[in-house]
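Listed here are the chains, written in short residue letters.
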Amino acid sequence: MNVLKFGGTSVGSAKNINKVIAILENYSKTDGVICVVSAVGGITDKLLNAGELAQNKDKKYVSEFDTITQIHNAILSELIPTENTAVLDHLNLKLKQLKSLLDGIFLINELSPKTSDKLVSFGELLSSFIIAETMIKRELDCVRKNSQDLVVTNSNFTKAEVIYEQTNHNITSYFSEVKHRITILPGFISKSETGEITTLGRGGSDFTAAIVAAALNVNRLEIWTDVSGMFTTNPKLVKQAFPIESISYQEAMELSHFGAKVLYPPTVQPVLNLNIPIHIKNTMKPEAPGTIISHELKENSNPVKGITNINNIALLTLQGSGMVGIPGFSKRLFETLAHEKINVIFITQASSEHSICFGIDIKDSETAQRAIDITFENEISLHKIDPIIVETGLSIIALVGDKMKSHQGISGRMFKTLGKNNINIRAIAQGASERNISAVIAEKDIKKALNTLHERFFEDKNKQLNVFITGIGNVGERLVEQIKQQQKYLKEQLKINLKVVGLSNSRTMIFNEDGIDLDNWAAQFHYAEKSSLRGFFDKIIELNLRNSIFIDITASEAVANLYEDYLRQSIAVVACNKIACASSYDNYKNLKRLSLKYNTPFLFETNVGAGLPIINTLNNLVASGDKVTSIEAVLSGSLNFIFNNFSDKNNFHDTVKRAQFEGYTEPDPRIDLSGIDVARKMLILVRENGIAMEIDDIENNTFLTKANLESNSVDDFYDTIEANEDHFQKLYASAKKNNCQLKYVAEFKKGKAKVGLKEVREGHPFYNLEGKDNIVMFHTERYPEQPLIVKGAGAGADVTASGLFADIIRIGNN
């Protein structure tokens, strides 16, 4: 004998019911089949809503009833030809009885638990009738049996407790005599010993099937639903979730209790002692393997079987110095909750006995608060304890796995992963069995938490990075192109799933939580929303994605001023913009401190030398214990390009113009030529070397004239350098006479730093520095005579983009 249960979605339409019938017909070819069915999807909720409307004297209950009628009539008319009036008449008779019940509720203005059970029982009675009659009309060997004649309970309405001795006798007696190949049973519904209609609690159709399976001691119980088994986590929130092949009874109960909707928690109990496996299958994909719940498990190296959650949690805290060492507080607290029929989902207590913290459904929070404050009224008035504290907007997230107890560090990895993504934990609970580790977090963080933990424990060490880029200009375009080109390589070789989720320029911004299509990202700006710095930040916070990285490719002080806000939200910052790190020393140190405090990367390799690993090399020297005694560097690719191309044959004005045209200078070349940009770079290196310094402490020996420096605009600046050509030609002539090259050099030695134009003699490492190249020489205690040299292209969109990309990958590898 096979016992199969089909849920509300499986019987939610004529199309799906036809799939159910096909499955039952196939099973019945080899053995008898008992099929337990739920109400049509959504009908139980509609019945309850209609009852509440009627109770509240709201005539809209009639409209809700009409909707229920239309749904069932539509399904029936599609499954059975309309000439079968007897079936239609019986359906309408049941619907008429339902209408009479709702009218009665409306008249007496009351919906008791007893009446509620009678009301919701219509859902399963109607669905089972339609399915059975359809199968009979198709000449299948089928009969319908009312489960209320089989399942006997007490009178605890809405969640009745089964009286197994009578129930098992009824089931075995009936099925010992039944001759039909297929028996249809309505799930969820039952009757008390006195013959009153009861129900087994929401989701109780699973329970009905398990009761029947246990009574008949069948080989397997099959639960058919709309998903292919129990998943590692909620697949609606985590796209990478996948079905669990096999799982223990205990693990299944833990996952079900903590929100996995595939299985109703009490279902497992009737079959547990008899070792009857439960097979979760998908009605829409019958060929899918599904999940088997049993004692016999396949070997699995992962100690975590699933991650689940419960939303709409209120966290209540009873605390006070008067609780310490006084027995009975917990007893009185939980007796009060039990008296109010409030289910406690989560409990934790400090070893100091100063407080007890517990989680309940938010709908019960006001009742609980009122009852507890009354119970402890005397202690509260004497200030021995505080009035109960209620926090809302919370969820419980839980790791589940039988083998977690034999693996060290599971909880540590869980909490570290949540912390790195700015997910604050309000409370923690773990039983001695170590099968479940639970934490209370903000409900707004639940999607990020599930994705973060699933990535950590299930995705073969894959790490998803969600990137937000502001400043989509020349460098930004190159970065997007490089990411597009390397996405497949990163995923396959480095286990990094890199998604560009947000892009913005000075006018508009675009977002896509699933990742912007990088094949046509530019076209999407035509339909984008207006951009703002704060709006971009707020959207990133709203999306609340794990491993978020903010990329700044601007030269904006306003953007740099937002770094602190990003770091405080545990959003990594990768900056091409030098303003933050070259601002006041206090601000620089604050950003570094926040990066450490929130365990959130703040990387700015491209601040110095574009894509060259200059800062990284310096950091490694310092971290390894070496001491940097001096730094000599050519740090401006634009100035090096200019002085490599300027001569007595190429005037200075045209050379600067060419450098700007080819993208080597800032839009305002005064930033490059004034030396302030080089001074900022040297300042950053000095600070990364552990020395406190301000920009004004750096001596800037400018080669520009007073007129150049006092120019009011870029155009005015070009006019002045053209007028001062003789000045620049004299600089060139002097260098040529001395057989030297002009290089703009930054120097740090004995705690002092300076920048300025120098004549570099032949044989010096700077002499043959070509094009836009940069070079840095680190003299250290370990490199006293032959310095450690970093040399290469120090300007240009491609190399700058690659430097930013390298910082992103560094975060991914962290």
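So, a few notes on the structure that sits alongside this text. (Residues numbered from 1 in each chain as written. Predicted model: local features only at pLDDT ≥ 70, side-chain atom pairs only at ≥ 80, totals over all residues. Heavy atoms only, no water.)

This brings us to the overall build of the protein chain. Within the protein chain, the secondary structure is distributed over 29 helices and 30 strands. Taken over the C-alpha trace, the protein chain has a radius of gyration of 36 Å; the compact-globule value for 814 residues is 28 Å, which it surpasses by more than 25%. Principal axes of the C-alpha set define a box for the protein chain whose edges measure 115 × 70 × 55 Å. The buried share of the protein chain, taken over its 814 residues, is 53%. By sequence separation, contacts in the protein chain at least 24 residues apart represent 72% of the contacts at least 6 residues apart. In the form shown here, the protein chain has an accessible surface area of approximately 36,100 Å², with 48% of it arising from carbon and sulfur atoms. Placing the 89 positive and 96 negative side-chain charges of the protein chain at their respective mean positions leaves the two points 2 Å apart. (Helix = DSSP H or I, 4+ residues; strand = E, 2+ residues; numbered from the N terminus. Rg over C-alpha atoms; globule rule 2.2 N^0.38 Å. Buried < 20%, exposed > 50% of the residue type's maximum accessible area, 1.4 Å probe, protein only. Contact = heavy atoms within 4.5 Å. Areas by Shrake-Rupley, 256 points an atom, 1.4 Å probe, with all protein chains shown as cover. Lys, Arg positive; Asp, Glu negative; His and termini not counted. Charge placed at Lys NZ, Arg CZ, Asp CG, Glu CD.)

The mixed open sheet is built from 6 strands, whose spatial order is β26-β28-β27-β25-β29-β30. The two strands at the open ends of the sheet, each matched to only one other strand, are β26 (699-701) and β30 (788-793). Between one strand and the next, the sheet's axes are offset by a mean angle of 20°, whatever the strand orientation. Here 10 bridges tie strand β27 (residues 740-749) to strand β28 (residues 752-761), and the two strands are oriented antiparallel to one another. Within β28, the residue paired with E747 across the bridge is K754. In the packing of helix α21 (residues 614-623) onto the sheet, the strands contacted are β25 (628-634), β29 (773-780) and β30, and the crossing angle to β29 comes to about 10°. (Pairing = 2+ DSSP bridges. Axes fitted to C-alpha atoms, helices over the stretch in contact; angles between N-to-C directions.)

Quick look at the side chain of N544 now. For N544, the position within the fold is in the loop between α17 (533-543) and β22 (548-552). Owing to a relative accessible area of 14%, N544 belongs among the buried residues under this scheme. Of the polar contacts made by the side chain of N544, one reaches the backbone oxygen of K444; its length is 3.0 Å. A polar atom in the side chain of N544 sits 2.8 Å from the side chain of K448. Once residues within four sequence positions are removed from consideration, N544 is found in contact with K444, D445 and K448. (Polar contact = N/O pair within 3.5 Å; in protein donor to acceptor, adjacent residues only side chain to side chain.)

Looking at where I631 falls in the secondary structure, it is placed in strand β25. What makes I631 buried here is its relative accessible area of 0%. Linking I631 and M682, residues 51 residues apart in sequence, is a C-alpha distance of 8.8 Å. What I631 contacts, discounting residues up to four positions off in sequence, is M682, L685, A746, E747, F748, V776, M777 and F778.

Each pair of packed helices gets described by two things: the angle between the helix axes and the distance between those axes. Two elements in contact, helix α2 (residues 43-55) and helix α4 (residues 85-108), have axes separated by 7 Å at closest approach and are oriented at 35°. As α2 packs across α4, the resulting crossing turns out to be right-handed. Between α2 and α4, the contacting residues are L47, A50, G51, A54 and Q55 on the first element and L98, L102, I105 and F106 on the second. Its residues assigned to classes, the contact of α2 with α4 shows 7 nonpolar, 2 polar and no charged. (Left-handed = near helix turned anticlockwise from the far one by under 90°. Nonpolar A, V, L, I, M, F, W, Y, C, P; charged D, E, K, R; others polar.)

Once that is clear, we can look at the side chain of S630. Residue position: S630 is located in strand β25. If we skip the residues at most four places from it in the chain, S630 touches F748, K749, M777, F778 and H779.

Attention now moves to the pairing of strand β23 (residues 572-575). In β23, alternate side chains face the same way, and those of A572 and V574 on one face and V573 and A575 on the other are all buried. Here 4 bridges tie β22 to β23, and the two strands are oriented parallel to one another. Residue pairing for β23: F550 is matched across the bridge by V573. The pairing of β23 with strand β24 (residues 602-603) spans 2 bridges and is classified as parallel. In the strand pairing of β24, V573 is matched with F602.

Looking now at helix α27 (residues 714-723). All of the buried residues along α27 are F717, Y718, T720 and I721. The arc enclosing the buried residues of α27, seen along the axis, measures out at 165°, which places them on a common side. Opposite the buried face of α27, by more than 90 degrees, sit the exposed residues D715 and A723. (Arc of directions from axis to C-beta.)

A word on the packing of aromatic side chains. Across all of its chains, the model carries 27 aromatic pairs by this definition. Aromatic rings pair up to connect F643, F646, F652, F703, F728, Y732 and Y744 into one cluster. Above the face of the F106 ring, K57 is positioned so that its terminal group lies 4.6 Å from the ring centre. Stacked on the ring of F329, the Lys or Arg R332 has its end atom at 5.9 Å from the ring centre. (Phe/Tyr/Trp six-rings, centres within 6.5 Å; stacked < 30°, edge-to-face > 60°. Lys NZ or Arg CZ within 6 Å of the ring centre and 35° of its normal.)

What follows covers the pattern of salt bridges. Once their charged atoms are close, side chains differing in charge can pair, the charge on each being opposite to the other. This structure, assessed with the given rule, holds 32 salt bridges. R220 is the partner of E222 in a salt bridge, and the nearest nitrogen-oxygen pair spans 3.0 Å. The buried category is assigned to E222, whose relative accessible area is 2%. Accessibility expressed as a relative area gives 35% for R220, which makes it partly exposed. Here R534 makes a salt bridge to D565, at a shortest N to O gap of 3.0 Å. Within this pair, whereas R534 is found in helix α17, its partner D565 is found in helix α19 (residues 563-568), the two being separated by 31 residues in sequence. Given a relative accessible area of 24%, D565 falls into the partly exposed group. Connected through salt bridges with shared partners, the residues D361, K363 and D364 form a single ionic network. (Salt bridge = Lys/Arg side-chain N within 4 Å of Asp/Glu carboxyl O.)

Taking 1.5 Å of rise per residue, the 13 residues of helix α20 (residues 585-597) would be expected to cover 18 Å, and the 18 Å separating its terminal C-alpha atoms lies within 8% of that figure. All buried positions along α20 are accounted for by Y585, Y588, N590, L591, L594 and S595. Looking at the packing, one finds that the buried side of α20 touches α19, β24 and α25 (676-688). One or two steps after α20, the chain reaches N599, where phi turns positive at roughly 50°. (Expected span 1.5 Å × (residues − 1).)

Another aspect to go through is the environment of F358. Tracing the backbone through its elements, the reader meets F358 in strand β14 (residues 355-361). Overall, the relative accessible area of 0% leaves F358 in the buried class. Between the C-alpha atom of F358 and that of P270, which follows or precedes it by 88 residues, the distance is 29 Å.

Moving on: the sheet that holds strand β3 (residues 142-144). Pairing within the open sheet is mixed, and its 8 strands lie in the order β3-β5-β2-β1-β8-β10-β11-β9. Of all strands in the sheet, those bounded by a partner on one side alone are β3 and β9 (246-247). Here strand β1 (residues 2-6) pairs with strand β8 (residues 221-225) via 4 bridges, running parallel. Directly across from V3, in β8, lies its bridge partner L221.

F550, Y563, Y566, F652, L673, F703 and F778 are the most contacted members of the largest nonpolar core, which totals 78 residues. At 7 residues, the largest contribution of residues to this core is made by α25. Look past the residues within four positions of F652 in its chain and what remains in contact with it is I642, F643, F646, L673, F703, I721, E725 and F728. Residues F6, I21, V33 and I105 belong to the second largest nonpolar core, which totals 49 residues. (Core = buried A, V, L, I, M, F, W, Y, C linked by side-chain atoms within 4.5 Å.)

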